[in-house]
Amino acid sequence: HHRVGRFLLDAAFDAPAQGITAIFGPSGCGKTSVLRCIAGLQRAAGGICDVAGDTWQDQTKFVPTHKRSIGYVFQDTSLFPHLSVRKNLQFGAPPTSTSSTRRNFDDVVSLLGLTNLVDRSPSKLSGGEQQRVAIGRALLSDPRLLLMDEPLSALDQSAKEDILPFLERLHQHLSLPIIYVSHDMREVERLANHLVLMAHGRVVAVGPLGDLQTDMTLPLPRERDASVILEAQVASYDHTYGLVCMQVDGAQFFSPSPFAEVGSSRRLRIAASDVSLAPEQPNASTILNSVPAQIVSATPLGTQHMIVVVSLGAHQTGARILARVTRQSWDRLSLREGMPIFAQVKGVALAPPAPTQTSALPQA
C-alpha cells in the first residue's frame, strides 16, 4: 500500500523466481511505483517484499537500496559520458577483480553484442547500443533480481527491433529472474513468461501470459489487436519452400522462416483477427494452417463481432487461441460452444531468433 496525493497503490502478487515477469498496464497505473518499491527507492509503509525467502521489507524491517542485490535498468541509460563503454560496464562490477569477474565481464560483453564497442565513448553509440551497455552494467553488479523500467520507451521502432533479440537472449541464457515494466503489449509478447496486469494502482490479474490472454474475464482478449503467444518446438524444416513446422500442444503450424534447428524452441504470435472458423475441413486454400479444434467459449463484442476461445486438437486439452468473427458468420454457420471445428490460421508470426553468441553466460 502506498499513497501519493490522490493516487493509491494497492498491489500484491507472487512471481516466479525465474524467467521474465512483465508488469503491464496503461501509463499512470502504478507499474513504476511497484518497481521502485521492490528496489527500495520508494518506501511503502506496511509493505512486504520477499525475494526467494529473503525479506527486504516487512512491518519491522527495511533493507536500503544499496544492500538489496538488484540490477536496475531505467528508461534513461544514465551512462557516464566521460567514461568509455568498458569503464561504464566496470562501474557496476564488484570492486575486487578476479579471474571469475574478468570472465563474467567477457561473457556479458559477448551476450549483449558489445565486443566491438567497449573502447568507444557513449556519445558515439546509438540509443539501442547505449541501452545494451546499461543492461550490461546492471548484470555485472551480480544481482539476484534484475528490474527493467520500460527500457525501450525512449527508442524508435527500428532501435527497439535491434535490441529485442538481445533481451530475448537474457531470457534464454540466464536463470536470473527479471521484472520488466512496459505499457507495450508487443514487447510483453516477445519477452514475458508471466504477466502482472495492473489498472488504477491495483493488480487485476497474475498468471502465465497465454492464460491471461485467453481469459474472457479480463480486457486483453477484447482488445482490437488481441492475440495469443504459444511456445513451440521446431518439428521439421522444408528447405525447398523455406517452411518451418512447429509443434504446439494439440497442433502443428507451418510458417515461412529462415532455417531453424529441429528441436529448437520458437515463440509464436497468433492474432485473433488472423483466425477463421469452419464447421468442416476446408477444401483447397492458400492458407497453410487448418487444424482440428473445439470451441471453448464465445463472447459478444458489441453488436458486430464475437470473440471465440478455441482449444487446439480434438478435445479441450490443447493450447488455446482466439478467433474474432462476425456475429453474422457465427449465426450463419450455427457455431456453438463445445462444437468441433477447424481453425484456419492465416498468419503465424515468429519471433526472430536471438543473435548467435560465442560464449554462454554462467547461470546466475
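Fair warning: this is a prediction, and the values are worked out from it, not measured in the lab.

## Quick notes on the overall build of the protein
Then, number 1: Per the secondary structure count, the protein includes eight helices and 20 strands.
Then, number 2: Its C-alpha atoms give the protein a radius of gyration of 23 Å, near enough to 21 Å, the size a compact globule of 364 residues would have.
Then, number 3: Looking at the protein residue by residue over its 364 residues, the buried ones come to 50%.
Then, number 4: Looking at the protein alone, contacts between residues at least 24 apart form 66% of all its contacts between residues at least 6 apart.

## Section: the pattern of salt bridges
Then, number 1: All chains considered together, the criterion is met by ten salt bridges.
Then, number 2: Salt-bridge contacts for Glu187 lead to Lys160; the nearest nitrogen and oxygen are separated by 3.9 Å. Of this pair, Glu187 sits in helix α6 (residues 185-191) while Lys160 sits in helix α5 (residues 157-173), and the two are 27 residues apart along the sequence. In terms of burial, Glu187 and Lys160 fall into one category: buried.
Then, number 3: We note a salt bridge from Arg190 to Glu161, for which the minimum N-O separation is 3.5 Å. Here the residue Arg190 occupies a position in helix α6, and Glu161 occupies one in helix α5, the gap between them amounting to 29 residues.

## Digging into helix α4 (residues 127-139)
Then, number 1: Compared with the 18 Å implied by 1.5 Å per residue over 13 residues, the 19 Å span of α4 between its first and last C-alpha is a close match.
Then, number 2: Of all the 13 residues making up α4, eleven are buried; the element is thus mostly covered by neighbouring parts of the structure.
Then, number 3: Along α4, the positions that sit buried rather than exposed are Gly128, Glu129, Gln131, Arg132, Val133, Ala134, Ile135, Gly136, Arg137, Ala138 and Leu139.

## So, the side chain of Ser227
Then, number 1: Within the element layout of this structure, Ser227 appears in strand β11 (residues 227-238).
Then, number 2: Exposure remark for Ser227: the relative accessible area of 4% places this residue in the buried category.
Then, number 3: Side-chain polar atoms of Ser227 contact the side chain of Glu189, separated by 2.4 Å.

## A look at the environment of Pro258
Then, number 1: You can see Pro258 is positioned in the loop between β13 (251-256) and β14 (265-271).
Then, number 2: Residue class for Pro258 comes out exposed when judged on its relative accessible area of 61%.
Then, number 3: A sequence separation of 114 residues divides Pro258 from Arg144, and the C-alpha atoms of the two residues are 36 Å apart.

## So, the packing of aromatic side chains
Then, number 1: Evaluated as defined, the whole model comprises three aromatic pairs.
Then, number 2: Centroid distance Tyr72 to Phe74: 4.1 Å. Interplanar angle 15°. Geometry classified as stacked.
Then, number 3: The class for Phe74 is partly exposed, based on a relative accessible area of 35%.
Then, number 4: With a centroid separation of 5.3 Å and an interplanar angle of 80°, the aromatic rings of Tyr237 and Phe259 are classed as edge-to-face. Residue Tyr237 is found in strand β11, and its partner Phe259 is found in the loop between β13 and β14; the two are separated by 22 residues along the sequence.
Then, number 5: For Tyr237, a relative accessible area of 18% translates into the label buried.
Then, number 6: Using a relative accessible area of 47% as the deciding quantity, one classes Phe259 as partly exposed.
Then, number 7: Positioned over the ring face of Phe62 is Arg68, at 4.9 Å from the centre of the ring.
Then, number 8: Here the guanidinium or amino end of Arg132 rests over the ring plane of Phe166, the centre of that ring lying 4.3 Å away.

## Quick notes on the sheet that holds strand β3 (residues 20-24)
Then, number 1: Pairing is mixed across the open sheet formed by six strands, whose spatial order is β6-β7-β8-β3-β9-β10. The sheet terminates laterally at β6 (70-73) and β10 (202-208), the two strands that pair on one side only. Here the average twist between neighbouring strands, direction ignored, is 15°.
Then, number 2: Here β3 runs beside strand β8 (residues 178-182); their pairing, made up of five bridges, is parallel. Looking at β8, one finds that Ile23 is bridged to Val181.

## Some points on the pairing of strand β7 (residues 145-149)
Then, number 1: Counting buried residues along β7, five of its five residues qualify, which places the element largely inside the surrounding structure.
Then, number 2: Because side chains alternate across β7, one face comprises the buried residues Leu145, Leu147 and Asp149, and the other comprises Leu146 and Met148, equally buried.
Then, number 3: As defined by bridge partners, β6 adjoins β7 across four bridges and the pair is classed as parallel. In the sheet register, Val73 faces β7, and the bridge partner there is Met148.
Then, number 4: Here β7 runs beside β8; their pairing, made up of four bridges, is parallel. Its bridge partner lying in β8, Leu147 is registered against Ile179.

## Quick look at the sheet that holds β14
Then, number 1: One open sheet accounts for five strands, arranged β13-β12-β11-β14-β20; its pairing is antiparallel. Here the strands that pair on one side only, and so sit at the sheet edges, are β13 and β20 (349-350).
Then, number 2: Here β11 runs beside β14; their pairing, made up of seven bridges, is antiparallel. Counterpart to Val228 in the pairing with β14 is Ile270.

Basis of the calculations
- Residues numbered from 1 in each chain as written.
- Predicted model: local features only at pLDDT ≥ 70, side-chain atom pairs only at ≥ 80, totals over all residues.
- Heavy atoms only, no water.
- Helix = DSSP H or I, 4+ residues; strand = E, 2+ residues; numbered from the N terminus.
- Rg over C-alpha atoms; globule rule 2.2 N^0.38 Å.
- Buried < 20%, exposed > 50% of the residue type's maximum accessible area, 1.4 Å probe, protein only.
- Contact = heavy atoms within 4.5 Å.
- Salt bridge = Lys/Arg side-chain N within 4 Å of Asp/Glu carboxyl O.
- Expected span 1.5 Å × (residues − 1).
- Polar contact = N/O pair within 3.5 Å; in protein donor to acceptor, adjacent residues only side chain to side chain.
- Phe/Tyr/Trp six-rings, centres within 6.5 Å; stacked < 30°, edge-to-face > 60°.
- Lys NZ or Arg CZ within 6 Å of the ring centre and 35° of its normal.
- Pairing = 2+ DSSP bridges.
- Axes fitted to C-alpha atoms, helices over the stretch in contact; angles between N-to-C directions.

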